[in-house]
Protein chains: 2
Amino acid sequence: MDEFARHASGFQLDDTRHQKWCVAGRPDGNVRGSDFELLEAPIAELRDGEVLLQTLYLSLAPVMRGYMSGESYAGEAPLEIGDVIHGRGVAQVVKSRHADWKEGQVVQGQLGWQTYKISSMMPQEKFRRMPPNGLPASHGLGALGMTGLSAWAGYFNVGTPRKDDIVLVSGAVGGVGSLVIQLAANVSACETIGIAGRAEKCALAARLGCSTTIDYKSEDIQSALASALADGLDLYFDNVGGPMLDAVLDHLRHQARIVLCGSISEYTLDEPYRLPAYTRLRRTDAQMRGFFVYNHLEDWDRAMDEMAGWIRDGQLKPVEQITDGFQHMPAALAGLYSGQNMGKQLCRVRGEPDTWI
Amino acid sequence: MDEFARHASGFQLDDTRHQKWCVAGRPDGNVRGSDFELLEAPIAELRDGEVLLQTLYLSLAPVMRGYMSGESYAGEAPLEIGDVIHGRGVAQVVKSRHADWKEGQVVQGQLGWQTYKISSMMPQEKFRRMPPNGLPASHGLGALGMTGLSAWAGYFNVGTPRKDDIVLVSGAVGGVGSLVIQLAANVSACETIGIAGRAEKCALAARLGCSTTIDYKSEDIQSALASALADGLDLYFDNVGGPMLDAVLDHLRHQARIVLCGSISEYTLDEPYRLPAYTRLRRTDAQMRGFFVYNHLEDWDRAMDEMAGWIRDGQLKPVEQITDGFQHMPAALAGLYSGQNMGKQLCRVRGEPDTWI
């Protein structure tokens, strides 16, 4: 039995108890079982202005290692040892003493790794109602949540795609990447090249619309890029950072744009990756564009409407990999850094709601 | 007598001979006297379609070390040992067998380190006529030449300054930088902060319009930037690259733009500088924008008209440091990397023309 299984054994989801995963240690490299502690407590009584949220799904995202390491994100206070781990979730309001919220409504937002949350629904918790629209509630952590907004805003607002652009996407079947390749290939009808690790991931990228795929684990990346990008590229949507970004800098067309969305290859490094020869941006007036999804919240409604429409008409197929059971959150997070996952990673705590208003 | 003086001693400018500086060795670190060779030859006879250009001024620019090292720029073939060193110059047509060119006209373009050039005025030599406009011909290598276009296009086209931007310029009294700080402070009326090395350079930057200056040689750069940029910056016009760029990445406001114009601090490194934590662009949706002046030639006429206008009305004061004598080109180039120079560096070979049509 591995360290994570030992941790999870004997756990039972209890609708009468508040169960939560807390920071027990600071990760050194990848997360280990001893970095987590599972705590339980009675569910507190609601006060005026509060709601009780019951967790349906929880998100798993590479950034969570940073939270556990005590890094601060989006202006939030860094996590202390003993704090509930940060993370987004989809939850249902099961009791409300808040004028604006009703039992049966579903929200997604900053829930934390816990089975319940008592919230006064302050803006900093970033809860947004998910109106029932016939699509699964789980999409609230992927295509119809912050992951979807990251793809939509990173691609359209920051990447500013133009007709006939050649688009390259790394992490092509990751949570954001699997949406971006479909926006590029299906919505924008651009030639889209996907980079992923292993044949099954490349096969998925091709099914989702990529005309060319590169398996960075089995192909020589320099020659694969030279072949796939014989005419250069206009837009690189970068989900991985590191040496891949380096290699891509040799293939920039005039006014090419690099969208810096993620850098998962760098998250387990103690020292930041040092990017050589960023000056290669010069020759073609190319741009490297940083991007933080919280700077794009004003586009939430438009983005969600468009994404839902594209899902309904089949241009966008959300890819979700679901771990079953709250007790397996730590192992699932550790798995994110091993390159095994496809699409948005999430954990089914209770799953789809019975009723939803 | 140093290696450069020994080289130059006994030289006499000879209007009957074609004198030229050629590559004798590949620079290893800064250029040395032994990297140059001075050759002389008779002036060849003109053929149909050719003009004889007589050199008035030659440019000195950091990029010339790259030429001598065999690097290729702007699609030109790299220099071989024995080739005339690349460089821009201002010259007068003294004989013409070309239908489009007349004796007495003045041009600036790709002249090379030589006292004469026989040219068929092909587009790749990039000669552009300088109509007499009451301003000195030397400006053709600075404010009214490619240096001026670099400042104009880098600042306006790439930097896209907005009202009330806080603008930071490194290399603030260099060839390009001394123009950019004046465009920002005087033409755009932006708060402009200049970085330069040594008190006399900072004093010049202040006279040219900077409200704050930072002497990177005597001040602690981290605390100087933190103090000067308490409110962050919107536009960084980067002429130096390297660790300064690193430090600036901590001070980016929302949608800040970094214009990568030059990286003189990196030119004498054998390995490219590795930029740590370029991912700091993300938090504020900031952009790093490469820029190559030859991508902006279509704006030549507009840029030159505007620059000449601002010089005439006193908003723009060209700063030129002139080395006298063709024989001193190598020593003057070596001096560029030592941080002693202010404004556009050029060499007076024959100087202003007597007449000019």
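Residues numbered from 1 in each chain as written. Chains lettered and ligands numbered in written order. Predicted model: local features only at pLDDT ≥ 70, side-chain atom pairs only at ≥ 80, totals over all residues.

A. Summary view of the overall build of chain A. The number of helices and strands found in chain A is 9 helices and 16 strands. Scaling as 2.2 N^0.38, a compact globule of 357 residues should have a C-alpha radius of gyration of about 21 Å, and chain A matches this with 21 Å. Taken along its principal axes, the extent of the C-alpha atoms in chain A is 65 × 40 × 35 Å. (Helix = DSSP H or I, 4+ residues; strand = E, 2+ residues; numbered from the N terminus. Rg over C-alpha atoms; globule rule 2.2 N^0.38 Å.)

B. Spotlight on the environment of Gln222(A). Residues and elements named next belong to chain A. The residue glutamine 222 is located in helix 6 (residues 221-228) in this model. The exposure class assigned to glutamine 222 is exposed, which follows from the 10 C-beta atoms found within 10 Å. With 26 residues separating them along the chain, glutamine 222 and valine 248 place their C-alpha atoms 8.6 Å apart. (Buried ≥ 20, exposed ≤ 12 C-beta atoms within 10 Å, placed from the backbone.)

C. Main features of the sheet that holds strand 11 (residues 233-238) of chain A. With respect to topology, 12 strands assemble into an open sheet ordered 10(A)-9(A)-8(A)-11(A)-12(A)-14(A)-14(B)-12(B)-11(B)-8(B)-9(B)-10(B), the strand pairing being mixed. This sheet does not close on itself; its edge strands, each paired only once, are strand 10 (212-215) of chain A together with strand 10 (212-215) of chain B. Each strand axis lies, on average, 15 degrees off the axis of its neighbour in the sheet, ignoring direction. Relative to strand 12 (residues 252-260) of chain A, strand 11 of chain A runs parallel, the two being bridged by 5 bridges. Within the sheet, the bridge partner assigned to Leu235(A) lies in strand 12 of chain A and is Arg257(A). (Pairing = 2+ DSSP bridges. Axes fitted to C-alpha atoms, helices over the stretch in contact; angles between N-to-C directions.)

D. Region of the structure containing the packing of helix 3 (residues 146-158) of chain B against helix 8 (residues 300-312) of chain B. All names here are of chain B. Two numbers describe how helix 3 lies on helix 8: the axes approach to 10 Å, and their chain directions differ by 100 degrees. With respect to helix 8, the axis of helix 3 lies roughly perpendicular. Residues Gly148, Leu149, Trp152 and Ala153 of helix 3 touch helix 8, and the partners they reach there are Trp300, Ala303, Met304, Glu306 and Met307. Grouping the constituent residues of the contact of helix 3 with helix 8 by class yields 7 nonpolar, 1 polar and 1 charged. (Parallel < 35°, antiparallel > 145°, perpendicular 65-115°, else oblique. Contact = placed C-beta atoms within 7 Å. Nonpolar A, V, L, I, M, F, W, Y, C, P; charged D, E, K, R; others polar.)

E. Geometry of the domain arrangement of chain A. Residues and elements named next belong to chain A. The domain architecture assigned to chain A consists of domain 1 (3-142 + 318-348) and domain 2 (146-294). Placing the centre of domain 1 and that of domain 2 at their C-alpha centroids yields a distance of 29 Å. Across the boundary between the two partners, domain 1 contributes 16 residues, which contact 13 residues of domain 2. Only helix 2 (63-68) and strand 16 (344-348) provide two or more residues apiece to the side of domain 1 that touches domain 2. (Domains from an automatic or database assignment.)

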